[in-house]
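Coordinate analysis (summary)
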Amino acid sequence: MISAIEILPGMRGQLRPVRIVTRDVPYYSDDSRWWSPDAYFKGGQLSTSQEPALGTDDPEFYETERWGHFSYAIPVAPGKYTMTLHFIEHHGGPSGEAAQGDAAAGSLQERVFNVFCNGKTILTKLNILEEAGANRPLARKIKGLQPNAQGKLLLEFVPVAGYATVSAIEVVPE
């Protein structure tokens, strides 16, 4: 028995979008996009939150995160790409303190991190709480990214204070 088949057109030498969500299983988002389970990473840990995401039609999408000091090596064909990084800050309450027993979060005011792609800074001193608020999604789009000589977009999430985090990564050809 088959429930569905989807055939997507491709272009020779060009990659279809790469969509990675930080969980062990694939995810089909409310906007009808297929997200692969977490792959191409090194380091960090997965975490799940029971706090619902606010201000989104798809709160389940933001239930998980990879946190720590970690990296991704996403294989792509030669060309230029736009990357969208999805974040949410679940760790803490209105007082700005970490949830009780949450060793991953550190102090909420202290979760600040940088993101590099192929050694170049693409996000500096990102503080999700300051930019979006607690339990609210934040997406950052970076255009014009090109793979390194090995055909990869090397992302590194480097803590400045506390730990770095990401919920999903989308890479689309320009």
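Refer to the structure printed above.
As a starting point, this report considers the structure included with it.

The rules behind the values
Residues numbered from 1 in each chain as written. Predicted model: local features only at pLDDT ≥ 70, side-chain atom pairs only at ≥ 80, totals over all residues. Heavy atoms only, no water. Phe/Tyr/Trp six-rings, centres within 6.5 Å; stacked < 30°, edge-to-face > 60°. Helix = DSSP H or I, 4+ residues; strand = E, 2+ residues; numbered from the N terminus. Buried < 20%, exposed > 50% of the residue type's maximum accessible area, 1.4 Å probe, protein only. Core = buried A, V, L, I, M, F, W, Y, C linked by side-chain atoms within 4.5 Å. Contact = heavy atoms within 4.5 Å. Polar contact = N/O pair within 3.5 Å; in protein donor to acceptor, adjacent residues only side chain to side chain. Salt bridge = Lys/Arg side-chain N within 4 Å of Asp/Glu carboxyl O. Pairing = 2+ DSSP bridges.

**Quick notes on the packing of aromatic side chains**
- Under the defined criterion, the tally for this structure stands at ten aromatic pairs.
- With centroids separated by 4.9 Å and ring planes inclined at 70°, the aromatic side chains of Trp67 and Tyr163 adopt a geometry described as edge-to-face. Taken together, the residues span a long stretch of sequence, with Trp67 in strand 5 (residues 64–75) and Tyr163 in the loop between strand 10 (152–161) and strand 11 (164–166) at a distance of 96 residues.
- For Trp67, a relative accessible area of 13% corresponds to the buried category.
- These aromatic residues form a ring-pair network of at least three members: Tyr27, Trp35, Phe61 and Tyr62.

**Section: the nonpolar core**
- Core analysis: the largest hydrophobic core is formed by 29 residues, its most contacted members being Leu85, Phe87, Leu155 and Phe157.
- At four residues, strand 6 (residues 81–87) tops the list of elements feeding residues into this core.
- Discounting residues that sit within four places of it in the chain, Leu85 has contacts with Val115, Ile122, Leu123, Leu138, Ala139, Arg140, Ile142, Leu155, Phe157, Ala168 and Ile169.

**Thoughts on the side chain of Ser49**
- By the secondary structure assignment, Ser49 is in the loop between strand 4 (41–48) and strand 5.
- Overall, Ser49 belongs to the buried group, its relative accessible area being 13%.
- Of note is the side chain of Ser49, whose polar atom sits 3.0 Å from the backbone nitrogen of Glu51.

**As for the side chain of His90**
- Structurally, His90 can be placed in the loop between strand 6 and strand 7 (112–117).
- Of note is the side chain of His90, whose polar atom sits 2.7 Å from the backbone oxygen of Tyr62.
- With near-sequence residues (within four places) excluded, His90 lies in contact with Ser49, Glu51, Pro52, Ala53, Tyr62, Glu63 and Asn135.

**Remarks on the pattern of salt bridges**
- This structure, assessed with the given rule, holds seven salt bridges.
- The residue Arg33 makes a salt bridge to Asp31 at a minimum N-O spacing of 3.9 Å.
- In this structure, Arg140 engages Glu131 in a salt bridge whose closest nitrogen and oxygen atoms are separated by 2.1 Å.
- Several salt bridges converge on common partners, so that one network encompasses Arg19, Asp31, Arg33 and Glu170.

**Some words on the sheet that holds strand 2 (residues 27–28)**
- Reading across from one edge, 2-3-1-12-6-9 is the order of the six strands in this open sheet, with mixed pairing throughout. Looking at the sheet topology across the chains shown, the edges are occupied by strand 2 and strand 9 (138–145).
- The pairing of strand 6 with strand 9 spans six bridges and is antiparallel. Looking at the pairing, Met83 lines up with Ile142 of strand 9.

**As for the pairing of strand 6**
- Of all seven residues that make up strand 6, seven are buried, and the element is covered over most of its length.
- Both faces of strand 6 are covered, namely the face carrying Tyr81, Met83, Leu85 and Phe87 and the face carrying Thr82, Thr84 and His86.
- Inspection of the sheet shows strand 6 paired to strand 12 (residues 168–173) by six bridges, in the antiparallel sense. Within the sheet, the bridge partner assigned to His86 lies in strand 12 and is Ala168.

Interpretation note: all reported values are geometric properties and have no functional meaning in isolation.
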